[in-house]
Amino acid sequence: MPSRRNPSPAGSVLDEAELRDPPDGEVLRLRFKGPFEGRQVTWNATLRALGASRGTDQADASANFIDVGDDTPDGITLTVGLAVERIDLATVRNAIIMIRRYKRLRRGRHAW
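Residues numbered from 1 in each chain as written. Predicted model: local features only at pLDDT ≥ 70, side-chain atom pairs only at ≥ 80, totals over all residues. Heavy atoms only, no water.

Hey, could you go over the overall build of the protein for me, with residue numbers and the actual values?
Helix and strand counts for the protein stand at one helix and seven strands. Each helix and strand of the protein, ordered N terminal to C terminal, gives the series β-β-β-β-β-β-α-β. Expressed as a percentage of the 112 residues in the protein, the buried residues total 40%. Across the protein, the fraction of contacts at a sequence separation of at least 24, relative to all contacts at a separation of at least 6, is 54%. (Helix = DSSP H or I, 4+ residues; strand = E, 2+ residues; numbered from the N terminus. Buried < 20%, exposed > 50% of the residue type's maximum accessible area, 1.4 Å probe, protein only. Contact = heavy atoms within 4.5 Å.)

Structural data, given as structure tokens:
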């Protein structure tokens, strides 16, 4: 599928993202810019829906995760697993904002 810019209301964080998959599936690949290790980087990201039932049980409190990978020619690899049934546009928007605001983000896997 060819990459495309996502049409959204003006000024939205989604205007800055390059979606590589259509929304509303279990996996969505995208690229977006954000701060990391004191510099501006391009995130080559994959968002994964883990199912809404995960993360709701206190025994499974670490259902959500962020996995920051290596630098590649396309950007830094990033995988985000979220306790949702599908990756819709609201989830994409929230994930981008979360990554951009996560001041202590480091390489490796971070679960919550």
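So what about helix α1 (residues 89-101)? Which residues, and what values?
Compared with the 18 Å implied by 1.5 Å per residue over 13 residues, the 18 Å span of α1 between its first and last C-alpha is a close match. Within α1, the full set of buried residues consists of Thr 91, Val 92, Ala 95, Ile 96, Ile 99 and Arg 100. Summarising the axial view, the buried residues of α1 lie within an arc of 165°, below the 170-degree limit, and thus occupy one face. Looking at the buried positions of α1, the neighbouring elements they touch are β2 (18-19), β3 (27-36), β4 (39-49), β5 (65-72) and β6 (75-82). (Expected span 1.5 Å × (residues − 1). Arc of directions from axis to C-beta.)

Quick one: what's the story with the side chain of Arg 100, residue by residue and with numbers?
Topologically, Arg 100 is positioned in helix α1. A polar atom in the side chain of Arg 100 sits 2.8 Å from the backbone oxygen of Lys 33. (Polar contact = N/O pair within 3.5 Å; in protein donor to acceptor, adjacent residues only side chain to side chain.)

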